[in-house]
Amino acid sequence: MSEEPAPYGGSPAKSSDAPQGDGMRPRRRTRTVHLHQMKERGEKWSMLTAYDQYAAEIFDEAQIPVLLVGDSAGNNVFGYETTLPVTLDEFVPLVRAVSGAVKYAMVVADLPFGTYGGSVQQGFDSAVRLMKEGRAHAVKLEGGAAMAPLVQTLTAAGIPVMAHIGFTPQSEHNLGGYRVQGRGEAAAKMIADARALQDAGAFGIVMEMVPTPVAAEVTKALRIPTIGIGAGPECDAQVLVWQDFAGLRGGKAPRFVKRYADIRSTLLEAAREYREDVAAGTFPNQEQSFAE
């Protein structure tokens, strides 16, 4: 049976058209099945956050197969100190902007703090909004085995779920701040949590700030891909916040970040040059002005 036309533009995905890693341009929308196939083949893949149209377009063109509209927008878009104040109402438009800008990437949307932890019904209603109003292709939630009933409900309803264990930013106050998770006896619980989430139907699991040996053990134990952020090189995939990897954010970056550009300095220099041109009366000149 052939697949129906994709509702987000482009053509239906076929197994022969699955993304083949960063070296080849994906010709079809990335699907969860493609991510599973890449794990089976031992191909690592990348994920970046995106919160707006232009970043999403650029990363899609760069063949990043998965884009995360993270509640990290709280720190990187809205100017909050943490992710906790982000509301569903202010978050949905960001998801819609990203999903409407890409042709190939899978768009995963975070469930913000306070929109799913109260009950399975609350989580279901919030996820439906992200899928219907935000036009996301999947949702992401934080937490271990306790989230398994919600994961099961969402996947049974046709909503793909990416899980998130290790350091979970929405629980930073409960965890005592930004600390590595899974050391010592806690490693066994992390593996158990990962298996419970996989069994509930999660298609992938983010591991944040986890010791490399523990992340490697979890990755080996699972059929589904693991996505690391500060979890070492043995994960099946890696994710970074784009403002970190592109050097837009000032100050010291987290240890696990590699800066691939210095966008902050480029923008700062451009803004200063613009200010100076306006002050000197050299902008706009005849080229940027209209004749009668």
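Counting restarts for each chain, with residues numbered from 1 along the sequence as it is written. Only residues with pLDDT of 70 or above have their local features reported here, since the model is predicted, and side-chain atom pairs are shown and tallied only from 80 upward, although totals for entire chains, interfaces and linings are computed over all residues. In computing side-chain values, all of the structure's heavy atoms are included and hydrogens and water are not.

- In the annotation of an unreviewed UniProt entry, the chain is listed under the name 3-methyl-2-oxobutanoate hydroxymethyltransferase and assigned to Yimella lutea.
- Taken verbatim from the UniProt record of the chain, the Subcellular location (unreviewed entry) comment is "Cytoplasm". UniProt positions are given in the numbering used here, feature names are shortened, and annotations may be inferred rather than shown by experiment.

**Describing helix 11 (residues 263–280)**
Point 1. Only DSSP runs of H or I covering at least 4 residues are called helices, and only runs of E covering at least 2 are called strands; the numbering of each starts at the N terminus. To estimate the expected span of a helix, subtract one from its residue number and multiply by 1.5 Å. For helix 11, built from 18 residues, the straight-helix expectation of 26 Å at 1.5 Å per residue is met to within 8% by its first-to-last C-alpha distance of 26 Å.
Point 2. Positive backbone phi, approximately 80°, marks glycine 281, located one or two places after helix 11.

**Structural notes on the confidence of the model for the chain**
Point 1. Summing up the model confidence of the chain, the mean pLDDT is 91 and the portion of residues at 70 or higher is 91%.
Point 2. The predictor rates its confidence in each residue with pLDDT, a number between 0 and 100. Contacts are assigned to residue pairs that have any heavy atoms within 4.5 Å of one another. A low-confidence stretch, residues 1–18 stays under pLDDT 50, and its non-local contacts, those more than four residues away or across chains, total 27 contacts.

**Some details on the environment of valine 214**
Point 1. On the secondary structure map, valine 214 appears in helix 9 (residues 212–221).
Point 2. To sort residues, take the accessible area from a 1.4 Å probe on protein chains only and compare it with the maximum for the residue type: under 20% means buried, over 50% means exposed, and anything in between is partly exposed. Of the residues examined, valine 214 reaches a relative accessible area of 10% and is grouped as buried.
Point 3. Placed 78 residues apart in sequence, valine 214 and glutamate 292 show a C-alpha to C-alpha distance of 70 Å.

**With respect to the environment of leucine 222**
Point 1. For leucine 222, the position within the fold is in the loop between helix 9 and strand 7 (226–229).
Point 2. Given the relative accessible area of 5%, leucine 222 is considered buried.
Point 3. C-alpha separation for the pair leucine 222 and glycine 204, spaced 18 residues apart in sequence, amounts to 9.3 Å.
Point 4. Residue contacts for leucine 222: discarding those within four places in its chain leaves Lys39, Ala194, Arg195, Gln198 and Ile205.

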